[in-house]
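# A structural walkthrough
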Amino acid sequence: MSSSIITLYDAACREGKPLGWNAMGMKARFALNFKGLKYRTVWLEYPDIEPTMKRIGASPGPTKPDGRRYTIPVIVDPVHAAPDGTPIPITDSWKIAEYLDEKYPEPGLLFPSGTKALQSLFHDYAMTNVLYKAIPMMLYSVWGLLSDESQVHWRTYQEAACGAKLEDLCPVGSQKWEAQSAILQKSLSDLAAILDKNGTDGPFVLGAQVTFADFILVSMLEMISKVIPDEWEKIIQHLDNGRWQKARVTCSAWIQADNIR
């Protein structure tokens, strides 16, 4: 294998389930595909993330609510190396996108000049009002996507963080589920109203030009469609005149095509 190929570390899943289900890893994948870079993916089981990150020298991040400090995505690019030639891992999808713009400005920038602050605000808004609104509906379904060893890890950490059994958080068809679905739909429609202010400027978050903000949003939509597909197919893809399905189609050129193990 060529030494110039980037390695992306992402979350694995059970055999036959959709690879690339994690929105955080997906943002990095979108960015790599947008740049047209050659890369390979190392799919990690959850118990293997921390020891692998320590082994390759990745930096820990802030402690998550579930107690984790080492997370994905991480990339290792042979071009980005210490003086002794040892590649330096880059953690976090935002930092990965910044790095890719610095080292690989062609064929275009993920953060065009003057947009990074606005994109940062959009990132925080989308995380709070899209992904976090969907999380209660997805935690148990994510457990079902994982291998046996990752299921134990996922359940232990998520139940400690949530203070409840995964099955009891937001059961499909329950009043909790219907209430959370309504909250998610309202949040998406509020975002649609904001994006409508672009008028006919273009299909992307910032108008005519695709940016990292689009990959932030579509990664969340992709995760929802893969983790709770019934909710996507019955409700969300039709919401707001089909805006969210159109967003996925608009960015389809930069998503991994072969995503089944």
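Residues numbered from 1 in each chain as written. Predicted model: local features only at pLDDT ≥ 70, side-chain atom pairs only at ≥ 80, totals over all residues. Heavy atoms only, no water.

### Structural notes on the packing of aromatic side chains
Enumeration according to the criterion identifies 10 aromatic pairs in this entry. When the centroid spacing of 5.0 Å and the interplanar angle of 5° are considered together, the rings of Phe30 and Phe215 count as stacked. Remark: Phe215 occurs in helix 8 (residues 212–227) and Phe30 occurs in helix 1 (residues 23–35); sequence separation between them is 185 residues. When sorted by exposure, Phe30 lands in the same class as Phe215, which is buried. (Phe/Tyr/Trp six-rings, centres within 6.5 Å; stacked < 30°, edge-to-face > 60°. Helix = DSSP H or I, 4+ residues; strand = E, 2+ residues; numbered from the N terminus. Buried < 20%, exposed > 50% of the residue type's maximum accessible area, 1.4 Å probe, protein only.)

### Comments concerning the pattern of salt bridges
Taken as a whole and judged by the stated rule, the model has 10 salt bridges. Notably, a salt bridge pairs Lys54 with Glu50, separated by 2.9 Å at the nearest N-O pair. Of this pair, Lys54 and Glu50 both sit in helix 2 (residues 46–56), separated by four residues, roughly a single helical turn. By relative accessible area, which is 36% here, Glu50 ends up partly exposed. Between Arg155 and Glu167 there is a salt bridge, and its shortest N-O distance comes to 2.9 Å. Within this pair, whereas Arg155 is found in helix 5 (residues 148–162), its partner Glu167 is found in helix 6 (residues 166–169), the two being separated by 12 residues in sequence. Through salt bridges with shared partners, one network takes in Arg155, Glu159 and Glu167. (Salt bridge = Lys/Arg side-chain N within 4 Å of Asp/Glu carboxyl O.)

### Topic: the environment of Pro62
When you line up the elements, Pro62 lands in the loop between helix 2 and strand 3 (74–76). Separated by 33 residues in sequence, Pro62 and Arg29 place their C-alpha atoms 22 Å apart.

### Here's the deal with helix 1
With 13 residues, helix 1 should cover 18 Å at 1.5 Å per step; its first-to-last C-alpha distance of 19 Å lies within 8% of that length. Turning to helix 1, its buried residues number three or more, namely Ala23, Gly25, Met26, Lys27, Ala28, Arg29, Phe30, Ala31, Leu32, Phe34 and Lys35. In the core, the buried residues of helix 1 are packed alongside strand 1 (6–11), strand 2 (39–44), strand 3, helix 3 (93–103), helix 4 (116–145) and helix 8. A side-chain oxygen of the first residue of helix 1 lies 2.8 Å from the backbone nitrogen of Met24; this N-cap is Asn22. Note on helix 1: the residue one or two positions beyond its end, Gly36, has a positive phi of about 70°. (Expected span 1.5 Å × (residues − 1). Contact = heavy atoms within 4.5 Å. Polar contact = N/O pair within 3.5 Å; in protein donor to acceptor, adjacent residues only side chain to side chain.)

### Description of the pairing of strand 2
The pairing of strand 1 with strand 2 spans six bridges and is classified as parallel. Along strand 2, the bridge assignment pairs Asp10 with Trp43. (Pairing = 2+ DSSP bridges.)

### Structural notes on the side chain of Ser219
On the secondary structure map, Ser219 appears in helix 8. Residue Ser219 is classed as buried on the basis of its relative accessible area of 0%. At 3.3 Å, the side chain of Ser219 and the backbone nitrogen of Lys27 are in polar contact. Aside from chain neighbours lying at most four places away, what touches Ser219 is Ala23, Met26, Lys27 and Phe30.

### Some details on the confidence of the model for the chain
Taken residue by residue, the chain gives an average pLDDT of 93. The fraction at 70 or more is 95%. Throughout residues 257–261 the model reports pLDDT below 50, and contacts reaching past four residues in sequence, or to other chains, amount to 15 contacts. (pLDDT = per-residue confidence, 0-100.)

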